[in-house]
Amino acid sequence: MTTSLKTHIVLLSLFSLSSLYFLLKSRRLRRLRLHSSPPPISPKLFYLSETNTSKTLAQRLHSSLLSNSLQFSLTDPSLYEPDRLFSETLLLFVVSTWQDGKPPPSSQYFSQFLSDAANDFRVGSLALSGCKFAIFGVGSASYGDMFNAAARDFSKWLKALGAKELVPICEGDVDAGDLDTVFNAWGDKVVRVLKGEVEGESCTNGFDEEFEEMEEMDEMEEMDEMEGMEPGEVDIEDIAGKAPSKNSSTELPNGGSKGENGVKEMVTPIIRSSLEKQGYKIIGSHSGVKLCRWTKSQLRGRGGCYKHSFYGIESHRCMEATPSLACANKCVFCWRHHTNPVGKSWRWKMDDPLEIVNSAIDQHKKMIKQMKGVPGVKQEQLDEGLAPRHCALSLVGEPIMYPEINSLVDELHRRHISTFLVTNAQFPDRINILNPITQLYVSVDAATKDSLKAIDRPLFGDFWERFQDSLKALRDKAQRTVYRLTLVKGWNAEDIDAYSSLLSLGEPDFVEIKGVTYCGSTTTSKLTMENVPWHTDVKSFSEALALKSNGVYEVACEHAHSCCVLLAKTNKFKIDGKWYTWIDYDRFHELVTSGKPFKSEDYMAMTPSWAVYGANEGGFDPDQARYKKERRHGAAALKN
């Protein structure tokens, strides 16, 4: 065997299977193009979508194209053989960016193929030189450098393979409130360019003469010429749409604000309109209040929420509000359908805390007054409802992002309004500086890094470290603390061991375990009723988690109607076999007013028997009247 032949064998053995595939494919395509005429190819309109936003936009563009006699095939890349790309002449893309700047999981095989081809020098920089393309990106600017990264990657890869841009890449921001407007303008331009009405890259259905000449080159000469290229080499000017820097906003430690006013209002007219349609009363430029359905229920004597069963609040005297409609997560089960703003820092105009409290109470009273005359509402309950005693700072968004959260909480306490504040575990330093809260919650939506990323879709790159530090921050709080777990079947309801390990981080007084609430189908969530656990599922999970704690926690209460169960620390809240999970609210306000240190045991009260886990009432207050809607389905409904 000659030295030359041995060398060739060694070189061939270094090729990966994928590289050989691209080499053979390139040769096959050259033979086809030289000896036969390719069949007509329908231009493609691809959509890379996870929550159907991109798919909906692509369907709209497809209709527009067809109405203009422009025949395109609307294509899901997961159903497309990617090696056919080398035969395409005209491609349109609507590309969503999902996690870590990557396209949706269903499109990752397609995108990986394109990336591999662009970075394999054997494929070459002219493989798609007969193809024109245009890309619209769908992303969230709140993710910083990851904003529309998938769309920009597609543009880079296509250009590296020689494709020509029909119109410049356009990047839509789902949080800006103008996605439809921006997309429609881009789509209109694409249509006009394709029809030759405005300037753009000419769109032809063949291959350039330069490429045809290249196809006639000797194969070895072609390989020799390409050896000098760097894999994936592309001019920096070809990378379109660099996202605006987020470093310009004033940041708190761990991502909040220093309290300096921004110039922009958080709630844009579009966001305001969307939230108001959902029943929100917008306060100032960044706060909101809404009447909870349980407030209405107890006003009518039809039962209170789980907080009434677990902690003794009067649901008809509870005000649900938030001083910050913005959040640092985009949770898959968000019951506000992601209509609120998102952000990692406070960069907006800031309203005065006293004005927020005054306006929240005024708006709450107006909504309570509207309940007058509703069947079941008695004047006594109505009068009590007009004097709120509790405030659930959990309406939407992230309350502790508001720089003056301590002043707002202090003002509520000064008016003898207790506080139930929920944070999403992304601002640990803000938790550390909080003044005493009647009950402080941290949302524990998942127990592992991967599942938390998938469920909460956080904006912060160091979300897991922030999450863990937020849990640890609870240990130093003397007042009542709670882990709030939302169980989503198929997502996080099987991680008992992982959840158990988190209990030692924050050592919370209580653990609330609640089944996810299904809020209907939306373009921002893929959850269905299949993801909603039964109350028996929640009970089984709770019992298993309590067992894992080796007696530190026991199952204390339940509210079957809310599909919710409470674990409580036995050494604090179980005395002589009796549970003391309820709150002495008058005592709490006395302790706050005194200015002296106090702890959660100082303002606890005995839990009534009907609220205790396993009671026949299932957590329903026997002083209330149970009301069940009559549901008629199928044949029974049709008869009437």
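Note that this is a predicted model, so its numbers are computed, not measured. (Residues numbered from 1 in each chain as written. Predicted model: local features only at pLDDT ≥ 70, side-chain atom pairs only at ≥ 80, totals over all residues. Heavy atoms only, no water.)

Engineer: Teacher, can you tell me more about the overall build of the protein chain here?
Structural biologist: Along the backbone of the protein chain there are 22 helices and 20 strands. By the burial criterion, 53% of the 640 residues in the protein chain qualify as buried. Expressed as a percentage of contacts within the protein chain between residues at least 6 apart in sequence, the contacts between residues at least 24 apart total 76%. For the protein chain, the accessible area works out to roughly 29300 Å², and carbon and sulfur atoms hold 50% of it. (Helix = DSSP H or I, 4+ residues; strand = E, 2+ residues; numbered from the N terminus. Buried < 20%, exposed > 50% of the residue type's maximum accessible area, 1.4 Å probe, protein only. Contact = heavy atoms within 4.5 Å. Areas by Shrake-Rupley, 256 points an atom, 1.4 Å probe, with all protein chains shown as cover.)

Engineer: What am I meant to see in the state of the cysteines here?
Structural biologist: In protein structure, a disulfide is the covalent linkage between the sulfur atoms of two cysteines. Under the counting rule described, the total for this entry stands at 0 disulfides. For C563, which is in no disulfide, the shortest distance to another cysteine sulfur is to C564 and amounts to 8.1 Å. (Disulfide = S-S within 2.5 Å.)

Engineer: Is there a simple way to explain the confidence of the model for the protein chain in this structure?
Structural biologist: Do not read the predicted coordinates in detail wherever pLDDT is low. Residues with a pLDDT of 70 or more make up 78% of the protein chain, whose mean pLDDT is 81. Within the model, pLDDT remains below 50 along residues 201-262, and this stretch shows 109 contacts once partners closer than five positions in the same chain are excluded. (pLDDT = per-residue confidence, 0-100.)

Engineer: What is the right way to look at the side chain of T322 in this model?
Structural biologist: Relative to the elements of secondary structure, T322 occurs in strand β9 (residues 318-322). Look at T322 and you get buried, because its relative accessible area is 2%.

Engineer: Any chance you could explain the sheet that holds strand β16 (residues 564-569) here in plain terms?
Structural biologist: For sheets, the rule is that strands pair by backbone hydrogen bonds, running either parallel or antiparallel. In space, the 10 strands of this open sheet follow the order β7-β8-β9-β10-β11-β12-β13-β14-β16-β15, with mixed pairing throughout. On the outer flanks of this sheet lie β7 (281-283) and β15 (553-559), each paired with one strand and no other. On average, each strand axis in the sheet is inclined to that of its neighbour by 25 degrees, with strand direction left out of account. The sheet contact formed by β9 and strand β10 (residues 390-393) spans 3 bridges and is parallel. Bridging across to β10, E320 finds its partner in A392. (Pairing = 2+ DSSP bridges. Axes fitted to C-alpha atoms, helices over the stretch in contact; angles between N-to-C directions.)

Engineer: Is there a simple way to explain the nonpolar core in this structure?
Structural biologist: The nonpolar side chains of a soluble globular protein tend to be buried with one another. Core analysis: the biggest nonpolar cluster contains 80 residues, and V444, Y483, L485, V511, I513 and L545 have the highest contact counts within it. Setting aside its immediate chain neighbours within four residues, L485 contacts V444, Y499, V511, E512, I513, K514, F541 and L545. (Core = buried A, V, L, I, M, F, W, Y, C linked by side-chain atoms within 4.5 Å.)

Engineer: How should I be thinking about a positive patch on the surface in this particular structure?
Structural biologist: Taken together, K281, K365, K366 and K369 make up a surface patch of like positive charges. Broken down by element, the positive patch gets its largest block of residues, 3 residues, from helix α12 (residues 353-369). In this fold, K281 is placed in strand β7. (Patch = residues over 30% accessible without salt bridge, like charges linked within 9 Å, V, L, I, M, F, W, Y side chains within 5 Å. Salt bridge = Lys/Arg side-chain N within 4 Å of Asp/Glu carboxyl O. Lys, Arg positive; Asp, Glu negative; His and termini not counted. Charge placed at Lys NZ, Arg CZ, Asp CG, Glu CD.)

Engineer: What is the right way to look at the pattern of salt bridges in this model?
Structural biologist: As a working rule, side chains carrying opposite charge can pair if their charged atoms are close by. Summed over all chains, the structure comprises 18 salt bridges. Among the ionic pairs, K453 bridges to D100, the shortest N-O distance being 2.0 Å. Linking K453 in helix α16 (residues 449-456) with D100 in the loop between β3 (90-96) and α4 (108-118), this pair joins segments that are 353 residues apart in sequence. On the basis of relative accessible area, D100 is assigned to the partly exposed category, the value being 47%. The closest approach of N and O atoms between E171 and R152, which form a salt bridge, is 3.7 Å.

Engineer: Where do I start with the environment of E398 in this structure?
Structural biologist: Inspection of the secondary structure puts E398 in the loop between β10 and α14 (405-414). By relative accessible area, E398 is classed as buried at 1%. Ignoring anything within four residues of it in the chain, the contact list for E398 reads S324, A326, C327, V422, T423, N424, A425 and F427. A polar contact of 3.2 Å, which involves the side chain of E398, links it to the side chain of T423. (Polar contact = N/O pair within 3.5 Å; in protein donor to acceptor, adjacent residues only side chain to side chain.)

Engineer: I keep staring at helix α18 (residues 496-506) and nothing clicks. Help me out?
Structural biologist: An α-helix turns once per 3.6 residues; consequently, residues spaced three or four apart project the same way. For α18, the buried fraction is high: 8 of the 11 residues fall into the buried class. Turning to α18, its buried residues number three or more, namely I496, A498, Y499, S500, L502, L503, L505 and G506. Elements that come into contact with the buried residues of α18 comprise α17 (463-473), β13 (480-487), β14 (510-515), α19 (535-548) and β15. After α18 finishes, the residue E507 shows a positive phi value of roughly 45 degrees.

Engineer: Where do I start with the pairing of strand β4 (residues 132-139) in this structure?
Structural biologist: Along any regular strand the residues' side chains alternate between the sheet's two faces. Of all 8 residues that make up β4, 8 are buried, and the element is covered over most of its length. What you see with β4 is no split at all: K132, A134, F136 and V138 on one side and F133, I135, G137 and G139 on the other are buried throughout. Across 7 bridges, β3 lies against β4 in parallel orientation. Bridged to F93 within β4 is I135. Pairing of β4 with strand β5 (residues 164-165), which is carried by 2 bridges, proceeds in the parallel orientation. By the bridge assignment, F133 is partnered in β5 with E165. Crossover connection from β4 via helix α5 (residues 149-160) to parallel β5: handedness right-handed. Two elements, β4 and strand β6 (residues 170-173), share 4 bridges in a ladder whose sense is parallel. Directly across from G139, in β6, lies its bridge partner D173. (Right-handed = clockwise from strand over helix to strand, strands pointing away.)

Engineer: Would you mind showing me how to read the packing of α18 against α19 here?
Structural biologist: The axes of two packed helices give the description: the angle between them and the distance between them. The contact between α18 and α19 brings their axes to 9 Å, and the two run at 50 degrees. On the basis of their axis angle, the class for α18 and α19 is oblique. The two elements α18 and α19 meet at a crossing, and its hand is right-handed. Taken together, the residues of α19 that come into contact with α18 (itself represented by I496, D497, Y499, S500 and L503) are F541, A544, L545 and K548. A per-class count over the contact of α18 with α19 returns 6 nonpolar, 1 polar and 2 charged. (Parallel < 35°, antiparallel > 145°, perpendicular 65-115°, else oblique. Left-handed = near helix turned anticlockwise from the far one by under 90°. Nonpolar A, V, L, I, M, F, W, Y, C, P; charged D, E, K, R; others polar.)

Engineer: Is there a simple way to think about the packing of aromatic side chains in this case?
Structural biologist: How two aromatic rings sit relative to each other is set out by the distance from centre to centre and by the angle between their planes. Inspection of the entire model under this criterion finds 26 aromatic pairs. Between W464 and F467 the ring centres are 5.2 Å apart and the planes differ by 25 degrees, which places this aromatic pair in the stacked class. With a gap of 3 residues between them, W464 and F467 both fall in helix α17, about one helical turn apart. Neither residue differs from the other here; W464 and F467 are each classed as buried. Judged by centre distance (5.1 Å) and plane angle (55 degrees), the ring pair of F588 and Y603 falls under tilted. Taken together, the residues span a long stretch of sequence, with F588 in helix α21 (residues 585-594) and Y603 in the loop between α21 and β20 (604-605) at a distance of 15 residues. By the burial criterion, F588 is buried, and Y603 matches it. One aromatic cluster in this structure is built from F46, Y80, F93, F110, F154 and W157. (Phe/Tyr/Trp six-rings, centres within 6.5 Å; stacked < 30°, edge-to-face > 60°.)

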